[in-house]
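# Structure assessment
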Amino acid sequence: MRTIDLRSDTVTRPSEAMRSAMAEAEVGDDVYRDDPTVNKLEAYAAELLGFEAALFTASGTQANLVSILSHCGRGDEYIVGQLAHTYKYEGGGAAVLGSVQPQPIEFEADSTLSLAKVEEKIKPDDIHFARTRLLCLENTRNGKALPLNYLAEAASFAAAKNLRLHLDGARLFNAAVKQQVDARKITRHFDSVSVCLSKGLGAPVGSLLCGAKGFIEEARKWRKMTGGGMRQAGILAAAGIYALTNNIDRLAQDHRHAELLTAGLTQFEALAVENDPAQTNMVFFSAAADTTAALAEFLRDRNILISPGKTTRLVTHLDVHPEDIQYILAQFAEFFSFQRRP
Ligand SMILES: *Cc1c(COP(=O)(O)O)cnc(C)c1O
């Protein structure tokens, strides 16, 4: 029996059709900008997200890093969420490699950053302070799509305060599909946007950074410096083109599966399920620590993988099939009926 892996959408594997596209890709040396498939992916992504240019990167971490390094110089500062990927989960790269100081602030419950709180943190022009240069948002965050009117407010705020605006859009297309809008309705508010190909879109490797032409040229230099100048990368870019042309609309299926899981899990008294209508492909629940650990072990014996934690996150993706949802809920039911026995 196959394993149903709910730990993350990074676990998705390339399909047969994606592998064929990779095998057949025309390639060249991308550092010479001779790889036609990389060039095609970058042009296609720029068009799809409404920017002048795009850059294919090894990972989302690299896309965000080269973006911050391109927006900010030594002694500059970016304002970012306390639990944001671009602050907490990227090894402090902007500070380590760019001498760029992060100024983290708490996220609001809806995963926005309060613009009033951001304003308080903007440093005046004074020899004591770093120069506040950039505001970073994340969409989706914990599966939540940022409200479109908030994005418009953030954009006019950033313009008024002379800040650049970057979006960590690792799961941008989950937000666009959930909100039933063209992705450009989201991206048009930003100076730069990163997107992961290797999560719910199902590519094995790669992310994209989009922005204006001059900005992307700067980012290309930083990508080279950070070891991301890849040669016959068209093999990987072909997977990205396949992902962008075949795997966006189907994200709605993952969202449906997350809704079904939410509804199903709510029935178990031992679980506190976060029931937020704005969720995309993630379900969060909490329970007593020993319960979650025992649950994870019980499920693993039944070919279901979860990462138990203080809050446990289940992530749906293209390798979770419709029939799996009933199976998963049945295993939870079995676990909790065992638990009730003396
Ligand atoms: C996954 C992720 C990234 C990038 O991660 P990589 O593993 O480096 O590709 C960036 N931001 C968020 C919110 C993510 O979930």
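Definitions and cut-offs
- Residues numbered from 1 in each chain as written.
- Predicted model: local features only at pLDDT ≥ 70, side-chain atom pairs only at ≥ 80, totals over all residues.
- Heavy atoms only, no water.
- Phe/Tyr/Trp six-rings, centres within 6.5 Å; stacked < 30°, edge-to-face > 60°.
- Helix = DSSP H or I, 4+ residues; strand = E, 2+ residues; numbered from the N terminus.
- Buried < 20%, exposed > 50% of the residue type's maximum accessible area, 1.4 Å probe, protein only.
- Lys NZ or Arg CZ within 6 Å of the ring centre and 35° of its normal.
- Near = heavy atom within 4 Å.
- Polar contact = N/O pair within 3.5 Å; in protein donor to acceptor, adjacent residues only side chain to side chain.
- Areas by Shrake-Rupley, 256 points an atom, 1.4 Å probe, with all protein chains shown as cover.
- Nonpolar A, V, L, I, M, F, W, Y, C, P; charged D, E, K, R; others polar.
- Salt bridge = Lys/Arg side-chain N within 4 Å of Asp/Glu carboxyl O.
- Pairing = 2+ DSSP bridges.

### A look at the packing of aromatic side chains
- As enumerated under the stated definition, the model contains 5 aromatic pairs in all.
- Seen in terms of ring centroids, F268 and F332 are 6.3 Å apart; in terms of plane orientation they differ by 20°. Their pairing is stacked. In this pair, F268 sits in the loop between α12 (251–265) and β9 (272–273) while F332 sits in helix α14 (residues 322–340), placing the two residues 64 residues apart along the sequence. As far as the burial class goes, F268 and F332 line up, both buried.
- Look at F285 and F332: their rings are 6.1 Å apart centre to centre, the planes differ by 85°, and that puts the pair in the edge-to-face class. Taken together, the positions of F285 in strand β10 (residues 282–286) and F332 in helix α14 put the pair 47 residues apart, joining distant regions of the chain.
- The buried category is assigned to F285, whose relative accessible area is 1%.
- Note that R141 overlies the ring of F107, its terminal NZ or CZ placed 3.9 Å from the centroid.
- Here R302 stacks its cationic end above the ring of F298, 3.6 Å away from the centre of that ring.

### Structural notes on the site of the ligand
- Near the ligand you find S59, G60, T61, N64, H85, E90, E138, D168, A170, R171, C196 and K199, and these make up its full shell.
- In the environment of the ligand, an oxygen atom lies 2.6 Å from a nitrogen or oxygen atom belonging to the side chain of K199.
- Bound to the protein, the ligand loses 80% of the 380 Å² it would expose on its own.
- When grouped by side-chain class, the residues that make up the shell around the ligand number 2 nonpolar, 5 polar and 5 charged.

### A few points about the pattern of salt bridges
- Following the criterion strictly, the structure yields 20 salt bridges and no others.
- Close ionic contact of E218 with K221 constitutes a salt bridge, the shortest N to O distance being 3.9 Å. In this pair, E218 and K221 both sit in helix α10 (residues 213–225), 3 residues apart, roughly one turn of the helix.
- Judged by relative accessible area, which is 31%, E218 ranks as partly exposed.

### Quick notes on the pairing of strand β2 (residues 53–57)
- Across the 5 residues of β2, 5 count as buried, placing the element largely inside the fold.
- Going residue by residue along β2, you find A53, L55 and T57 tucked away on one face and A54 and F56 tucked away on the opposite face as well.
- Of the strand pairs in this sheet, β2 and strand β8 (residues 207–211) are connected by 5 bridges, and their pairing is antiparallel. Bridging from a neighbouring strand, A53 pairs with G211 of β8.

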